[in-house]
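Listed here are the chains, written in short residue letters.
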Amino acid sequence: MTANLEVTDGVGTILLDRPPMNALNVATQDRLRELAEEATRREDVRAVVLYGGEKVFAAGADIKEMQVMDHTAMVVRSKALQDSFTAVARIPKPVVAAVTGYALGGGCELALCADFRIAADNARLGQPEILLGLIPGAGGTQRLARLIGPSRAKDLIFTGRHVKAEEALTIGLVDRVVPAAEVYEQAHAWAAGLAKGPALALRAAKESIDAGLETDIDTGLTIERNWFAGLFATEDRERGMRSFVEEGPGKAKFL
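Residues numbered from 1 in each chain as written. Predicted model: local features only at pLDDT ≥ 70, side-chain atom pairs only at ≥ 80, totals over all residues. Heavy atoms only, no water.

Student: Looking at this model, I keep getting lost on helix α6 (residues 150–159). Mind explaining?
Tutor: The periodicity of an α-helix, 3.6 residues per turn, causes residues three or four positions apart to be oriented the same way. Every buried residue of α6 is accounted for by A153, L156 and I157. Projection of α6 onto a plane perpendicular to its axis shows the buried side chains occupying an angular sector of 90 degrees, all on one side. Turned more than 90 degrees from where α6 packs its buried face, S151 and F158 sit exposed. On its buried side, α6 packs onto α5 (140–148), β8 (162–164) and α7 (165–171). G160 lies just past α6 and shows a positive phi near 75 degrees. (Buried < 20%, exposed > 50% of the residue type's maximum accessible area, 1.4 Å probe, protein only. Helix = DSSP H or I, 4+ residues; strand = E, 2+ residues; numbered from the N terminus. Arc of directions from axis to C-beta. Contact = heavy atoms within 4.5 Å.)

Student: Quick question: what am I supposed to make of the packing of aromatic side chains here?
Tutor: To describe a pair of aromatic rings, one takes the distance between the centres and the angle between the planes. What the rule picks out here adds up to 3 aromatic pairs. When the ring of F116 is compared with that of W190, the centres are 5.0 Å apart and the planes differ by 5 degrees; the resulting orientation is stacked. Here W190 lies in helix α8 (residues 183–195) and F116 lies in strand β6 (residues 116–120), a separation of 74 residues in the sequence. Relative to F232, the ring of F228 lies with its centre 5.5 Å away and its plane at 75 degrees, an arrangement referred to as edge-to-face. Its relative accessible area of 38% is what places F232 among the partly exposed residues. (Phe/Tyr/Trp six-rings, centres within 6.5 Å; stacked < 30°, edge-to-face > 60°.)

Structural measurements only, silent on function.
The structure is reproduced here in structure tokens:
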């Protein structure tokens, strides 16, 4: 097994398990898609943590496996590769990446699929594909530019350089830097807190933001308006507003 899904307290941890470096070979890519789809379906999973273990998140693709692929093979495989990562990005629940050690190439692209990134102080992130005569192929040219802006994305992609945790925080590539021993604990706590929230409203918020970023402001506002009005049909909305009126803000308990 190259990866698995473990669930505790409403949090599903997608754990990469391909030592020593969690290289993302074809089997691992396909497994990630399966686990993302499972996390999407399961009602007991209300938030997700992406984790590679204590030493390394994922050091990139399996270069030996890719080396033997010709153009025809990669035309077929590249779509499946992107579909696997897109499945992770489209999990309709809060997703946090707990990044330890190296998150390079496909590893960095996987972290980009999360909504929030917590990095160890020893983390190293980057898109070094240019050093192989390639470009990122699992969403890096698109998600990285949207996250940190085109100029900074071009710097990382053109040079292939690694970014240490503090610089990653400065440029917005990660959202929090913590001691390595605390990465998973803090990621799980972040996810567990959101797992107690209103599931449909969280889904609506995520879809409104993500879909809105892909379109013009008027279309984005329409997406937001439709979700906003639709949530008035939910039990969570009734529960949240009733609690606010009767008990004050922030005390609602959602099912």
